[in-house]
Amino acid sequence: MRKNIKNFILGALTFLFFLNILAWSAVFNLSQSKFLEVNFFYIGQGDSIFIETPNKEQILIDGGPDSTILEKLGKEMPFWDRSIDLVILTHPEHDHMAGLIEVLKRYKVDNILWTGVVRDTAEYREWLEVIENEGAEIKIARAGQRITLLNSNIDIFYPFESLEGQESKNSNNTSIVARLVFGENSFLFTGDAIKSVERKLIKAEINIDSDILKAGHHGSKTSSAKEFIEAVSPEIVVISVGKDNKFDHPHQETLDNVSGIKVLRTDLMGDIKIISDGIQLNYLQIFRQVL
Ligand SMILES: [Zn+2]
């Protein structure tokens, strides 16, 4: 009798043990995905792009003009996840940088990539302070750098040389231009790079051909030259722009230059999520707020 009880307990423990393994492997499978997600958040007039790789590497390019980014991240990331692998500031202007300052105050960021361009604003000084306090590895961007992720990589195309320490009144033309490649799919991020930068990239014969193009400078006519759009030859153009903004972005000239191409606009669609399995692209329009 006693032996029977012992066997029963042993059997039950073994059963529980395997049940535990099953439960953990289910959790593990859930955390693995075969999809790369690129979220173009609607944060008003500005840019903020959140990338999550199939291996759950998280990259945030720009943070928009205010703390709206915190709500957006809160909905994309699980509540217990308080860290971001890499933050990229394309250029130190308010509509890209202000939200990142809020993110750096609240999340643990492991790596920061930016240009080191100098500006004379209180917000810029706050940026310097928060990145210094973050304890992250800070890198200054220049062409030729490659950020190697597990199944994807990000190549830096611009600026051609380090701009660290250079003063700039309007830093749009110092924007980091980078391309993310995952399998057969590619995304070109341009910050607020203007036409002269676009021309330099074409002249340097850099392979800028990409499936998705984030149009430069919120669809302003100062970016998205016809020859640049032709060189990138995107399947989809994303314009990150605020509704009824004072600059009248996106300009008609830009919309004309991308006619015939699928255009996704955050002012009309809200948050936009593009999903890639490395071969095919799909996009979702996410209504998270009444625009
Ligand atoms: Zn901007």
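Structure shown above.
About the thresholds
Positions within a chain are numbered from 1, following the residues in the order the chain's sequence is written. The model is predicted, so local features are restricted to residues of pLDDT at least 70 and side-chain atom pairs to those at 80 or more, both for listing and for counting; the totals for chains, interfaces and linings are taken over all residues. As a rule here, side-chain values cover all heavy atoms of the structure and leave hydrogens and water aside. With axes taken as lines fitted to C-alpha atoms, and helix axes fitted only over the stretch in contact, angles between N-to-C directions fall between 0 and 180 degrees. Each helix is a run of H or I in the DSSP string that is no shorter than four residues. Each strand is a run of E no shorter than two, and both are numbered from the N terminus. Here a crossing is taken to be left-handed if its near helix is turned anticlockwise relative to the far helix by less than a right angle, and right-handed if that turn runs clockwise. The contact criterion used is simple: two residues touch if any of their non-hydrogen atoms lie within 4.5 Å. The rule for donors is simple: N, O or S, within 2.8 Å of the metal, or within 3.2 Å if the metal is Na, K or Ca. Water isn't counted, so a site may look like it is missing partners. Think of it this way: with four donors and all angles in the 85 to 135 degree range, the site is tetrahedral; with four or six donors, opposite ones beyond 155 degrees and the rest between 65 and 115, it is square planar or octahedral; otherwise it is irregular. Pairing of aromatic rings covers Phe, Tyr and Trp, the last through its six-membered ring, and needs centres within 6.5 Å; plane angles under 30 degrees mean stacked, over 60 mean edge-to-face, and all others mean tilted. Working definition: with a 1.4 Å probe on protein chains only, accessible area under 20% of the residue-type maximum means buried, over 50% means exposed, and in between means partly exposed. The pairing criterion is simple: DSSP has to find at least two bridges between the two strands. Orientation is classified from the angle alone, with under 35 degrees giving roughly parallel, over 145 giving roughly antiparallel, 65 to 115 giving roughly perpendicular, and any other angle giving oblique. When residue character is reported, Ala, Val, Leu, Ile, Met, Phe, Trp, Tyr, Cys and Pro are called nonpolar, Asp, Glu, Lys and Arg charged, and the others, Gly included, polar.

## Things to note about the packing of helix α3 (residues 94-106) against helix α4 (residues 122-134)
The relative placement of two packed helices comes down to the angle between their axes together with the axis-to-axis distance.
Turning to step 1, where the next piece is worked out: Look at α3 against α4: their axes get within 10 Å of each other, and the N-to-C directions meet at 35 degrees. In this structure, α3 meets α4 at a crossing whose hand is left-handed. On α4, the residues that touch H94, M97, A98, L100, I101, L104 and K105 of α3 are E123, Y124, E126, W127, V130, I131 and E134.

## A word on the environment of E132
Turning to step 1, where the next piece is worked out: Relative to the elements of secondary structure, E132 occurs in helix α4.
Turning to step 2, where the next piece is worked out: When the C-alpha atoms of E132 and D244 are compared, they prove to be 36 Å apart, with 112 residues separating the residues in sequence.

## Looking at the coordination of the zinc ion
Turning to step 1, where the next piece is worked out: The protein atoms that coordinate the zinc ion are D95 (OD), H96 (NE2), D192 (OD) and H218 (NE2), at distances of 2.0 to 2.1 Å.
Turning to step 2, where the next piece is worked out: Considering all four donor atoms around the zinc ion, the spread of angles at the metal, 85 to 150 degrees, places the coordination shape in the irregular class.

## A look at the packing of aromatic side chains
Turning to step 1, where the next piece is worked out: Inspection of every chain in the model, using the stated rule, returns six aromatic pairs.
Turning to step 2, where the next piece is worked out: Ring geometry for W114 versus Y124: centroids 6.2 Å apart, planes at 50 degrees, classification tilted. Within this pair, whereas W114 is found in strand β5 (residues 108-114), its partner Y124 is found in helix α4, the two being separated by 10 residues in sequence. In terms of burial, W114 and Y124 fall into one category: buried.
Turning to step 3, where the next piece is worked out: Geometrically, the ring pair formed by W114 and W127 is edge-to-face, given 5.6 Å between the ring centres and 75 degrees between the ring planes.

## Brief notes about the sheet that holds strand β10 (residues 185-189)
What holds strands together in a sheet is hydrogen bonding between their backbones, with the strands either parallel or antiparallel.
Turning to step 1, where the next piece is worked out: Taken together, the seven strands give an open sheet; going across it, the order is β7-β8-β9-β10-β11-β12-β13, and neighbouring strands pair in mixed fashion. Both edges of this open sheet fall to β7 (146-148) and β13 (262-265), since each of them pairs with a single strand only. The mean inter-strand angle of the sheet, taken between neighbouring strand axes irrespective of direction, is 15 degrees.
Turning to step 2, where the next piece is worked out: Note: β7 against strand β8 (residues 152-158), three bridges, orientation antiparallel. Bridge assignment links I147 to a residue of β8, and that residue is I154.
Turning to step 3, where the next piece is worked out: Packed on one face of the sheet, helix α5 (residues 195-203) meets β8 and β9 (177-182) and runs near 110 degrees to β8.

## Details of the environment of L284
Turning to step 1, where the next piece is worked out: Tracing the backbone through its elements, the reader meets L284 in strand β15 (residues 281-286).
Turning to step 2, where the next piece is worked out: Take L284: its relative accessible area is 41%, and that puts it in the partly exposed class.
Turning to step 3, where the next piece is worked out: For the pair formed by L284 and I274, sequence separation is 10 residues and the distance between their alpha carbons is 6.3 Å.
Turning to step 4, where the next piece is worked out: Discounting chain neighbours no more than four positions away, the residues touching L284 are D271, I272, K273 and I275.

## Side note on the packing of helix α2 (residues 68-76) against α3
Turning to step 1, where the next piece is worked out: Taken N-terminus to C-terminus, the directions of α2 and α3 make an angle of 55 degrees; their axes are 8 Å apart at the nearest point. Judged on the interaxial angle alone, α3 and α2 are oblique. For the pair α2 and α3, contact is made by I69, L70 and L73 and by G99, E102, V103 and R106, respectively.
Turning to step 2, where the next piece is worked out: Grouping the amino acids of the contact of α2 with α3 by side-chain chemistry returns four nonpolar, one polar and two charged.

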